[in-house]
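Descriptive structure summary
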Amino acid sequence: MAFKNEEDKKAYWRENLALMTKLLVVWFVVSFGFGILLVDLLDQIQVFGFKLGFWFAQQGAIYVFVALIFIYMYKMNQLDKRYGVDEE
Amino acid sequence: MDVQVLTFLIVGASFALYIAIAIWARAGSTQEFYVAGGGVHPIANGMATAADWMSAASFISMAGLISFMGYDGAVYLLGWTGGYVLLALCLAPYLRKFGKFTVPDFIGDRYYSQTARTVAVICAIFVCFTYVAGQMRGVGVVFSRFLEVDIVTGVVIGMAIVFFYTVLGGMKGITYTQVAQYCVLIFAYLVPAVFISIMVTGHVLPQTGFGASLADGSGVYLLEKLDGLSTQLGFNEYTSGTKGTFDVFCITAALMVGTAGLPHVIVRFFTVPKVRDARKSAGWALLFIAILYTTAPSIAAFARVNMIETINGPTVSEQAPTGTPYSEAPSWITNWEKTGLISWDDKNQDGKMFYSGDERNEMQVDRDIMVMANPEIANLPAWVIALVAAGGIAAALSTSAGLLLVISTSVSHDLLKRNLMPNITDKKELFYARLAAGVAIVIAGYFGVNPPGFVAQVVAFAFGLAASSFFPAIIMGIFMKRMNDKGAVSGMLAGIGFTAAYIIYFKFVNPAANVSENWWFGVSPEGIGAIGMLVNFAVALLVFKMTKEAPQEIQQLVEDIRYPKGAGDATAH
């Protein structure tokens, strides 16, 4: 199995980059955004015993990081299949 | 049974396990020695990566560090986990597809340049030695505190164990011992954390206990209480920081990018069979790491409240407590006083201990106590104390082994095979790899016994260098297929030069000037790697614009690593 043609190959790479960019935007927003740049603003919001900004900086962003990698893995496996470049 | 005997038993049992695994997983070829034959299951590799990554510092020091830094501790929490997202999305799958043994392999082949390879080898060796010296020291410290043997004996025992399974098993031996070490260290970290969370907040999960109200029936949230205590005692409010926002931003970025560029972490992704396994394995690795990294800030907060209340006395009424009489101090304070981790100086001669952030303070508390004394603070049984000792040693050993392997591979493969003696046989190369590993262990052990005063200073260096050298070179190598050798080499040199100059100036040449007023844009030496990375990118692009793009066959190679399989066929159409 391989790419059917040059177009497919380019499209695969484009989709890969688009997915990566989207996930990296989320990565940036939860850590550098919510946890650092906007921390004072979000700290006005209290969720249980946490100030929200503090929670993102010391807990929340880490959970999102884990989720992002698994989403990437799942989506990329689908993409590989769709273009017939999955291994096996 | 007393703590001492239990500790010997538990630590001894864990050593026996590591040695048994090493004998079972001997390496027969360089492929097994360098990348465990490329056949490691992605979940096992995830565990091994987590153990590889979490060092003695993560296990012993991080929670305590956060405990004293409050919000600012987020730079470590975010920096040392966020890098894995970059690794998983931008590096690991492509480097796996490239399918060689080391990071300098990639840099050298992709940029068709021995200079690039040599720069990469030097960076890799430097970064690894910086790190490994600290690990050996960690082994020695744990041994001396829990087993009361002296540091030299502790380091020698640690060296012997690592020597045994690294030299014998190479990457294969290391991988499977790291899986075992992860299990030991995470269990040892969680048990006291869960107990202490139940004690302080009634929550089983430290992660939710962190945001819960106290179990004393006051209905006050843990963090609210901590903020109150902190301001009352003249500290900064726990949930807000003291560092400048831009500095926090840069330190976090430097640690993240540095993490993604550390050779001993990257090389773990060469050990799985397929590209999809590399993606999967990165996800599992971060999950396993996140278990410890989300527990650490919770421990930090619990331990701080506990410590303040034990020393100053509980807050019962509106009136601020004035201290606990030393004669009534719990046994852990007197136990740990012997190790010098905590000390009391009765300045006002009232016979009471008092801890604060102003002139009333009478206590010196070392950050390492937050994890190491936790089981005693929470009155946990002796076997938990023994477990923490085994966990600390597991964390230090697993990281040292990973680093030593990179050093040995850099010497035998990148330096000898690919550079000086291209004609040596696989057997000969394997022999040199083992020899290099052995020599590296002895050097690391020497630094463990005689720690150079600069170890703490150079950690920033290790991350800064990885961030300003490897990361941009690899990223451009994958995502810009026309990037050429001259651009990459000048980018790396500019990035390293800039970062090294800044750190050396503030840490060594003129340490007195190392205050935020003198820093460029308020960026501390810890965060300068982020700027160094930008310098690298900028210089590389500039030089690239003025020189010839990469030759066609290199562009073809880059094309090829972008697709899990079948790329070669497609271009033939």
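Up top is the structure these notes are about.
Here the structure is a predicted model, which is why all the values come from computation and not from measurement.

The rules we used
- Throughout, a residue's number is its position along its own chain's written sequence, starting from 1.
- Each chain is given a letter, starting from A, and each ligand a number, starting from 1, according to the order in which they appear as written.
- Local features in a predicted model are, by the rule used here, given only for residues with pLDDT of at least 70; side-chain atom pairs are given and counted only at 80 or more, and totals for whole chains, interfaces and linings are based on all residues.
- A run of H or I in DSSP counts as a helix once it spans at least four residues, and a run of E counts as a strand once it spans at least two, with each numbered from the N terminus.
- Radius of gyration means the value over C-alpha atoms here, while the globule rule gives 2.2 Å times the residue count to the 0.38 power.
- Any residue whose C-beta has 12 or fewer other C-beta atoms within 10 Å is treated as exposed, any with 20 or more as buried, and any in between as partly exposed, C-beta atoms being built from the backbone.
- Contact between residues is assigned whenever the C-beta positions, reconstructed from backbone atoms, fall within 7 Å.
- All residues other than Ala, Val, Leu, Ile, Met, Phe, Trp, Tyr, Cys, Pro, Asp, Glu, Lys and Arg, Gly among them, are scored as polar; the first ten of these are nonpolar and the last four charged.
- Under the definition applied here, buried Ala, Val, Leu, Ile, Met, Phe, Trp, Tyr and Cys residues are grouped into a nonpolar core through C-beta atoms within 7 Å.
- Each axis is a line fitted through C-alpha atoms, taken for helices only over the stretch in contact, and angles between the N-to-C directions span 0 to 180 degrees.
- For classification purposes, angles smaller than 35 degrees are called roughly parallel, those larger than 145 roughly antiparallel, those between 65 and 115 roughly perpendicular, and all remaining angles oblique.
- Helix crossings are classified by the rotation of the near helix relative to the far one: an anticlockwise turn of less than a right angle makes the crossing left-handed, while a clockwise turn makes it right-handed.
- For a residue, the bend is simply the angle between two axes, fitted respectively to the seven-residue segment ending there and the seven-residue segment starting there.

**What about the overall build of chain A?**
- The secondary structure content of chain A amounts to 3 helices and 2 strands.
- The linear arrangement of helices and strands in chain A, starting from the amino end, is α-α-β-β-α.
- Taken over the C-alpha trace, chain A has a radius of gyration of 18 Å; the compact-globule value for 88 residues is 12 Å, which it surpasses by more than 25%.
- Based on the C-alpha atoms only, the size of chain A along its principal axes is roughly 55 × 20 × 15 Å.
- Across the 88 residues of chain A, 39% fall into the buried class.
- Restricting the contact set of chain A to residue pairs at least 6 apart, pairs at least 24 apart contribute 53%.

**Some points on the interface of chain A and chain B**
- In this complex, chain A contributes 41 residues to the contact, which on the side of chain B involves 45 residues.
- Taken together, the elements giving at least two residues each to the side of chain A that touches chain B come down to α1 (6-37), β2 (50-51) and α3 (52-82) of chain A.
- If one sorts the elements of the side of chain A that touches chain B by residue count, α3(A) sits on top with 17 residues.
- For the side of chain A that touches chain B, a count of residues per class yields 28 nonpolar, 7 polar and 6 charged.

**Here we look at the nonpolar core**
- Counting 225 residues, the largest nonpolar core has Ile69(A), Leu185(B) and Leu404(B) as the members making the most contacts within it.
- Tallying contributions element by element places helix α13 (residues 275-312) of chain B first for this core, with 21 residues.
- Beyond its immediate stretch of four places on either side in the chain, Leu404(B) contacts Val132(B), Val162(B), Thr166(B), Ala437(B), Ala440(B), Ile441(B) and Ala444(B).
- One finds Phe3(A), Tyr12(A), Tyr83(A) and Val85(A) within the second-largest nonpolar core, a separate group that totals 5 residues.

**Structural notes on the packing of helix α20 (residues 470-479) of chain B against helix α22 (residues 528-546) of chain B**
All names here are of chain B.
- The interhelical angle for the contact between α20 and α22, taken along N-to-C directions, is 45°, at an axis separation of 8 Å. When the interaxial angle is binned, α20 and α22 end up oblique. Like other packed secondary-structure pairs, α20 and α22 cross with a definite hand, here right-handed. Each of Phe471, Pro472 and Met476 in α20 lies in contact with α22, whose residues at this interface are Met533, Asn536, Phe537 and Ala540.
- For the contact of α20 with α22, the residue count by class is 6 nonpolar, 1 polar and no charged.

**Quick look at α1(A)**
- Within α1(A), the axis deviates most sharply at Val29(A), by approximately 30°.
- Restricting attention to buried positions, one finds in α1(A) the residues Lys9(A), Tyr12(A), Asn16(A), Trp27(A), Val30(A), Ser31(A), Phe34(A), Gly35(A) and Ile36(A).

**What about unusual backbone geometry?**
All names here are of chain B.
- Within the chain, tyrosine 112 stands out as a residue other than glycine whose phi angle is a positive 35°.
- Here tyrosine 112 shows up in the loop between α6 (103-110) and α7 (114-146).
- The partly exposed category is assigned to tyrosine 112, around which 16 C-beta atoms lie within 10 Å.

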